[in-house]
Amino acid sequence: MLSKISEFLSELSGAERKVAECALAEPKWFVHAAVAEIAERASVSQPTVIRFCRSLGYKGLPEFKLALSASIGHEGMPYVHAELNSDDDMGDVMEKVLGNTAASILGARRYLNETELENAIAMLTHARRIEFYGVGNSGIVAQDAQHKFFRFGMSTVAYSDPHIQLMAASVLSDQDVLVVISNSGSSIEILDAVSIAKENGASVIAITRADSALAHLADCVLNVASSENSEQYTPMVSRLLQLVVVDILAIGLALRLGETASLQLQKGKRSIYSKRVEYEPQDNKK
């Protein structure tokens, strides 16, 4: 069902697309929501919600909800998406994983706040040093962020060990920015590190759920919401959403830095190329 909605996105009107993205982002909520609630959440009129259902071939909202509920009602398999079943073949797995991922990324547009993104870019632009913290899957995303940002010629580091995070946070200053990546936003170790960083005056950007404890501590919150059950399933889509937000920040920062960023990236590429040529066998240089 989610795959079907994703495939129809390009054929829907702008207003109907907002309803589709609402259904894709929160299918379980959508099934139980009243038409007025859906219209308010999608910022459209109530008749638009009905037109969306009919555009997908259903008589109205009740029939659409029944079909949507049937497609997401089963428990699924641990460590993968909850929509999958043990009797799915690899074609089903491919379609469902791709469909869930595409739907979640499209739905992220409803949760990411442009003003918060602008604030985050401003903080990063003026930072003396940028540190990225994350644990587990989020720690891998933190490393990816550090790999992107250090090439702009900025002082950056990524830590995934909670003890090192605590020690590193204790030496941050009001000139530094801490970017914390967490799916749940409730890790005690992460929250302790953030509290210490803030005591030292550092600015904190959180890539997490807007209703999390981490979000309440942060100076800037980039809301990453996913319908994954992270207590039972290994996070997949949420990790991809975090990576997308990191890419948005990296591109936004590059645009803000302008020629400075371009020159730094060129220097990095030139140094790799020059060393590669230097170590090539003499015969290959002729």
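Up top you'll find the structure we're talking about.
Let me sum up the structure you'll find in this document.

### Things to note about helix α9 (residues 137–149)
Taking 1.5 Å of rise per residue, 13 residues should cover 18 Å, and α9 covers 19 Å from first to last C-alpha, within 8% of that figure. Residues of α9 that are buried: Ser138, Gly139, Val141, Ala142, Ala145, Lys148 and Phe149. Of the surrounding secondary structure, the elements contacted by the buried residues of α9 are α8 (114–125), β1 (129–133), β2 (156–159), β3 (176–181) and α13 (237–257).

### A closer look at the packing of helix α2 (residues 14–25) against helix α7 (residues 90–107)
Direction vectors running N to C along α2 and α7 enclose 120 degrees, while the axes themselves pass 8 Å from each other. In terms of axis orientation, α2 runs oblique to α7. Here the hand of the crossing between α2 and α7 comes out left-handed. Facing Arg17, Glu21, Leu24 and Ala25 of α2, the residues of α7 in contact are Ala103, Leu106 and Gly107. Of the residues in the contact of α2 with α7, the class split is four nonpolar, one polar and two charged.

### A word on the side chain of Asn223
Along the chain, Asn223 falls in strand β5 (residues 220–223). Residue class for Asn223 comes out buried when judged on its relative accessible area of 15%. From its side chain, Asn223 meets the backbone nitrogen of Ala210 in a polar contact 3.1 Å long. Once residues within four sequence positions are removed from consideration, Asn223 is found in contact with Tyr111, Leu112, Thr208, Arg209 and Ala210.

### Section: unusual backbone geometry
Unlike most non-glycine residues, Ser43 shows phi in positive territory, near 60 degrees. With respect to the helices and strands, the residue Ser43 is situated in the loop between α4 (35–42) and α5 (46–55).

### Let's talk about the environment of Val31
Secondary-structure assignment places Val31 in helix α3 (residues 27–32). Among the residues examined, Val31 registers a relative accessible area of 15% and is labelled buried.

### What about the nonpolar core?
Formed by 31 residues in total, the largest nonpolar core has its most connected members in Leu124, Phe149, Ile205, Ile207, Leu222 and Leu249. Setting aside anything within four residues of it in sequence, one finds Leu249 in contact with Leu117, Ala120, Ile121, Leu124, Phe149, Ile207 and Leu222. With 26 residues, the next largest nonpolar core counts Leu2, Leu9, Ala20 and Cys53 among its residues.

### Thoughts on helix α10 (residues 162–169)
For α10, the full list of buried residues reads Gln165, Ala168 and Ala169. Summarising the axial view, the buried residues of α10 lie within an arc of 95 degrees, below the 170-degree limit, and thus occupy one face. Seen from the buried face of α10, the exposed residues on the opposite side, beyond 90 degrees, are His163 and Met167. At its buried positions, α10 is contacted by β1, β2 and α11 (188–199). A distance of 2.9 Å separates the backbone nitrogen of His163 from a side-chain oxygen at the start of α10, and that oxygen is part of Asp161.

### Points about a negative patch on the surface
A grouping of Glu7, Asp87, Asp89, Asp92 and Glu95 is seen on the molecular surface, where their side chains present a negatively charged patch. Mapped onto the elements, Asp87 comes out in the loop between α6 (61–72) and α7.

### A look at the packing of α4 against α5
With their axes 8 Å apart at the nearest point, α4 and α5 run at an angle of 95 degrees to one another. When the axis of α4 is compared with that of α5, the two are roughly perpendicular. For the pair α4 and α5, the contacting residues are Val35, Ala36, Ile38 and Ala39 in the first and Gln46, Val49 and Ile50 in the second. Along the lines of polarity and charge, the residues of the contact of α4 with α5 split into six nonpolar, one polar and no charged.

### Description of the packing of aromatic side chains
If you walk through the whole model with that rule in mind, you get six aromatic pairs. Ring geometry for Phe30 versus Phe64: centroids 5.7 Å apart, planes at 75 degrees, classification edge-to-face. On the criterion of sequence distance, the pair formed by Phe30 in helix α3 and Phe64 in helix α6 is long-range, its members being 34 residues apart. Of the residues examined, Phe64 reaches a relative accessible area of 0% and is grouped as buried. Here the aromatic rings of Tyr58 and Phe64 are separated by 5.6 Å at their centres, their planes lie at 80 degrees, and the arrangement is edge-to-face. Here Tyr58 matches Phe64 in class, with each residue buried.

### Side note on the pattern of salt bridges
Considering all chains together, one arrives at eight salt bridges under this definition. When the shortest N-O distance is used, the salt bridge between Arg256 and Glu118 registers 3.2 Å. Within this pair, whereas Arg256 is found in helix α13, its partner Glu118 is found in helix α8, the two being separated by 138 residues in sequence. In this structure Arg256 comes out as partly exposed when scored by relative accessible area, which is 40%. Note that Arg128 is salt-bridged to Asp176, the shortest N-O span being 2.9 Å. Of this pair, Arg128 sits in the loop between α8 and β1 while Asp176 is found in strand β3, placing the two residues 48 residues apart along the sequence. Classification of Arg128 by relative accessible area gives partly exposed; the value is 46%.

Each value, and the rule that gives it
Residues numbered from 1 in each chain as written. Predicted model: local features only at pLDDT ≥ 70, side-chain atom pairs only at ≥ 80, totals over all residues. Heavy atoms only, no water. Helix = DSSP H or I, 4+ residues; strand = E, 2+ residues; numbered from the N terminus. Expected span 1.5 Å × (residues − 1). Buried < 20%, exposed > 50% of the residue type's maximum accessible area, 1.4 Å probe, protein only. Contact = heavy atoms within 4.5 Å. Axes fitted to C-alpha atoms, helices over the stretch in contact; angles between N-to-C directions. Parallel < 35°, antiparallel > 145°, perpendicular 65-115°, else oblique. Left-handed = near helix turned anticlockwise from the far one by under 90°. Nonpolar A, V, L, I, M, F, W, Y, C, P; charged D, E, K, R; others polar. Polar contact = N/O pair within 3.5 Å; in protein donor to acceptor, adjacent residues only side chain to side chain. Core = buried A, V, L, I, M, F, W, Y, C linked by side-chain atoms within 4.5 Å. Arc of directions from axis to C-beta. Patch = residues over 30% accessible without salt bridge, like charges linked within 9 Å, V, L, I, M, F, W, Y side chains within 5 Å. Areas by Shrake-Rupley, 256 points an atom, 1.4 Å probe, with all protein chains shown as cover. Salt bridge = Lys/Arg side-chain N within 4 Å of Asp/Glu carboxyl O. Lys, Arg positive; Asp, Glu negative; His and termini not counted. Charge placed at Lys NZ, Arg CZ, Asp CG, Glu CD. Phe/Tyr/Trp six-rings, centres within 6.5 Å; stacked < 30°, edge-to-face > 60°.

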